[in-house]
Amino acid sequence: MEELIKEFNNKKSLIVGDVFLIHQIFESIEKNKFEPLKENKNGIFINISKGLDDEEELEEDDEDDNEHMRNTFYVFYNKLDEIKGVVNHIVASFGEKKDIHIFINNMNDFRDIKDELLEYINSLNPTMVLISSGRDMKLDGINSKYYIKDEFDNFTIQEENGKFKESYTFQSKRLEHIPYQEPVTFSDIAGYDLVKKELLLVKSWWDDKEALEAKGISLPHSFLLHGPMGTGKSLFAKAFTSFFPDATIIKIDGTHSSEQDEITEKFNFARRQKGMAIILIDEIDLISRGETRNLLTELDGLGGDNKNIFVIATCNNMEDLYPPLLRRGRLDYLIGIGNPNEKERKSLLKYYFAKSGINVNQDYDYLAFITKGENAVNIKAIANEVRLRYGENPTVEEIEDIIDRINKREMEYYGDSEEPSESDRYLTAVHEVGHAVVVMERSKYFSFYKASIETNSIIGGRVKVLPTKEDIGDLNRALADLDVSIGGYLAEKILFKRLDRGAQSDLEKARHTSAALVNTLGYKGLNPLLCHYANSIPTSPFKKYHNEKLSERILDKAVRRVTKIIKKRKKEILILADMLAKKGVLTKKDMMDVMGA
């Protein structure tokens, strides 16, 4: 809290903090710990809260308490006329002009008179306004010197021009800047209809909470969203909270949650709320083991006296979680969110193209096909990058260029690499065409997309291949993958008796695939399978030797198969390699024109 006060005093026009600190901030203002208020001990501080009944309830602080600001008043009313009457009385009771500081505790309680109340507060020309509200509240137009609104899990600061400037969140005793974000709803998330359906079902139960509980039905109080990075887990968590605009949102960040008893403190804060409280735990798998024990205790207490608390957690890999967390009653539902399928990719592409101002008349079937394997974040990045580089009316080729840029961004390298000689470039072209030709021969399992010579890259060339819809459990697909991986190596070796720098990684992949066929996929029966459980019998040296020999036989057969393809297609490989070396890229049309449909 001292760091918070220091930050305010340094910036003079800024108060920061997350929702968990709102009462500490209120108390610190009362105790006059902020430098801008120290010269204002006789100012008026008015706390407006919802009345419990129709009777007036007005209190004044004990004037003998010199630690607190004098002239602090509490007003408990529901109607605008009553609030105005009491506040006007307080202001008029002071003969000289006083600075007015107003705190509205939960603007959601005054939803019906919000605009009129804000207009009235503005007419008082307050020095400071501190407002606690739900995330759907629009509270523009306050002309106070300091205006602080409790927004989602942070305070958003608005200065005199009436526009949001910046926001901060105060977590684990350190200050971190974050950009202001508008509330998220399901309409902001394209695709993932099944996930939305499941979350909407949970929401419908909570809408009918009292009736269901009256029948003795226990409602779920938590769910975990898990899956790879970039699939929108945090976005779904935030969107779910938009169903409950009056709820208090409390955030626990797994990457920062290392302070002792922090989780316990935040759950206690949730219990003190009169209405619903939603606790968001982002990256729950990164919470320390000590805090995990506290979390287990808190999750066990959901329901009963804590029936208004709901917990939403996210993680990238569920296998990294402490297993007891996954028990029903702690994390009730485990909802996996994977990379979007073809239908969802079409929806995402249409959504983000339209949002980015790109001409929506595109071949989305084709674009969804060539973005197979991309996550939602990458698809958003593709639309954004297309708009930046190629404007509103990009061609298909330009969109493909951006997809390639997104895919190979980790391979880009600008530095001390020498420009390859013509012979090296041609050898690289032969290597990539070797892969491409085998892909065309294994078209049942793979669809060739593009081959390219890469410049400014840590790799010399690349072949992009997309899997077909053929059953992914087919062991022949693994054999086809093995064939493709050694195609480049064998094309160089057979046609030129030379090896490109890409051969080593290809051979490592081939060895891994052939070993996996024996050790884990059961290609040679059940006996060679290796058991990887911690309490399993250690694998004997004889079995390892036996499996190694089986793996070598599989690899030898693959070499014989691919050698036949390379020799059979020698003429086409040389033509295509010459094209690739000169053009830098080969399309599927190029491959079909040379090899035949």
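Everything that follows concerns the structure shown earlier in this document.
Note that the structure is a prediction, hence the values are computed from the model and not measured. (Residues numbered from 1 in each chain as written. Predicted model: local features only at pLDDT ≥ 70, side-chain atom pairs only at ≥ 80, totals over all residues. Heavy atoms only, no water.)

1. Here's the deal with the overall build of the chain
Thought 1: Helix and strand counts for the chain come out as 20 helices and 17 strands.
Thought 2: Burial analysis of the chain (597 residues in total) assigns 48% to the buried set.
Thought 3: Long-range contacts, defined here as pairs at least 24 residues apart, represent 71% of the contacts in the chain between residues at least 6 apart.
Thought 4: Of the roughly 30,200 Å² of accessible surface on the chain, a fraction of 48% belongs to carbon and sulfur atoms. (Helix = DSSP H or I, 4+ residues; strand = E, 2+ residues; numbered from the N terminus. Buried < 20%, exposed > 50% of the residue type's maximum accessible area, 1.4 Å probe, protein only. Contact = heavy atoms within 4.5 Å. Areas by Shrake-Rupley, 256 points an atom, 1.4 Å probe, with all protein chains shown as cover.)

2. Digging into the sheet that holds strand E12 (residues 277-282)
Thought 1: The strand order E11-E12-E13-E10-E14 describes an open sheet built from 5 strands, whose pairing is parallel. Of all the strands in the sheet, the pair left with one neighbour each is strand E11 (248-253) and strand E14 (333-336). Put simply, the sheet's adjacent strands are angled 20° from each other on average, direction ignored.
Thought 2: Of the pairings in the sheet, the one linking E11 to E12 comprises 6 bridges and is parallel in character. Residue pairing for E12: Ile252 is matched across the bridge by Ile281.
Thought 3: Helix-sheet contacts for helix H6 (residues 193-207) involve strand E10 (222-226), strand E13 (309-315) and E14, and the interaxial angle to E14 is about 155°. (Pairing = 2+ DSSP bridges. Axes fitted to C-alpha atoms, helices over the stretch in contact; angles between N-to-C directions.)

3. Description of the packing of aromatic side chains
Thought 1: A full pass over the atoms with the stated rule returns 13 aromatic pairs.
Thought 2: Relative to Phe236, the ring of Phe186 has its centre 5.9 Å away and its plane inclined at 80°; by these criteria the two rings are edge-to-face. In this pair, Phe186 sits in the loop between strand E9 (174-178) and H6 while Phe236 sits in helix H8 (residues 233-241), placing the two residues 50 residues apart along the sequence.
Thought 3: Seen from their ring centres, Phe223 and Phe310 are 5.6 Å apart, and the 65° between their planes marks the pair as edge-to-face. Taken together, the residues span a long stretch of sequence, with Phe223 in strand E10 and Phe310 in strand E13 at a distance of 87 residues.
Thought 4: Judged by its relative accessible area of 0%, Phe223 falls in the buried class.
Thought 5: Given the relative accessible area of 0%, Phe310 is considered buried.
Thought 6: Taken together through their ring pairs, the aromatic side chains of Phe186, Tyr192, Trp206, Phe223, Phe236, Phe240, Phe243, Phe244 and Phe310 make up a single cluster.
Thought 7: Taking the ring centre of Trp206 as reference, the NZ or CZ of Lys209 above it sits at 5.5 Å. (Phe/Tyr/Trp six-rings, centres within 6.5 Å; stacked < 30°, edge-to-face > 60°. Lys NZ or Arg CZ within 6 Å of the ring centre and 35° of its normal.)

4. Section: the environment of Glu283
Thought 1: Within the secondary structure layout, Glu283 lies in the loop between E12 and helix H10 (289-300).
Thought 2: In this structure, the C-alpha to C-alpha distance between Glu283 and Asn317, residues 34 residues apart in sequence, is 9.4 Å.

5. Considering the nonpolar core
Thought 1: Counting residues in hydrophobic clusters, the biggest one holds 48 residues, and the most contacted among them are Phe223, Phe236, Ile278 and Phe310.
Thought 2: The element contributing the most residues to this core is helix H13 (residues 376-390), with 5 residues.
Thought 3: Filtering out sequence-adjacent residues up to four positions away, Ile278 remains in contact with Thr241, Phe244, Ala247, Thr248, Ile249, Ile250, Phe310 and Ile312. (Core = buried A, V, L, I, M, F, W, Y, C linked by side-chain atoms within 4.5 Å.)

6. Quick notes on unusual backbone geometry
Thought 1: Even without being glycine, Tyr192 reaches a positive phi, approximately 55°.
Thought 2: Position of Tyr192 relative to the elements: it lies in the loop between E9 and H6.
Thought 3: Phi at Glu283 is positive, roughly 55°, even though this residue is not glycine.
Thought 4: With relative accessibility at 26%, the residue Glu283 sits in the partly exposed group.

7. So, helix H19 (residues 570-583)
Thought 1: The terminal C-alpha atoms of H19 lie 20 Å apart, and with 14 residues this matches the ideal 20 Å at 1.5 Å per residue to within 8%.
Thought 2: Buried within H19 we find Glu572, Ile573, Leu576, Ala577, Leu580 and Ala581. Take H19 and look down its axis: the buried residues cluster within an arc of 160°, on one side only. Residues Lys571 and Lys582 are exposed on H19 and point more than 90 degrees away from its buried face.
Thought 3: Next to the buried residues of H19 lie helix H15 (422-441), strand E15 (446-453), helix H16 (475-496), helix H18 (541-568), strand E17 (585-587) and helix H20 (588-595).
Thought 4: Of the residues trailing H19, Gly584 is marked for its positive phi of about 85°. (Expected span 1.5 Å × (residues − 1). Arc of directions from axis to C-beta.)

8. Quick notes on the pairing of E14
Remark: a regular strand shows side chains that alternate across the two faces of the sheet.
Thought 1: Side chains Tyr333 and Ile335 project from E14 onto a buried face, and the interleaved Leu334 and Gly336 project onto a face without burial.
Thought 2: As paired elements, E10 and E14 share 4 bridges and run parallel to each other. Note that in E14 the partner of His226 across the bridge is Gly336.

As far as function goes, none of this settles anything; it's purely spatial.
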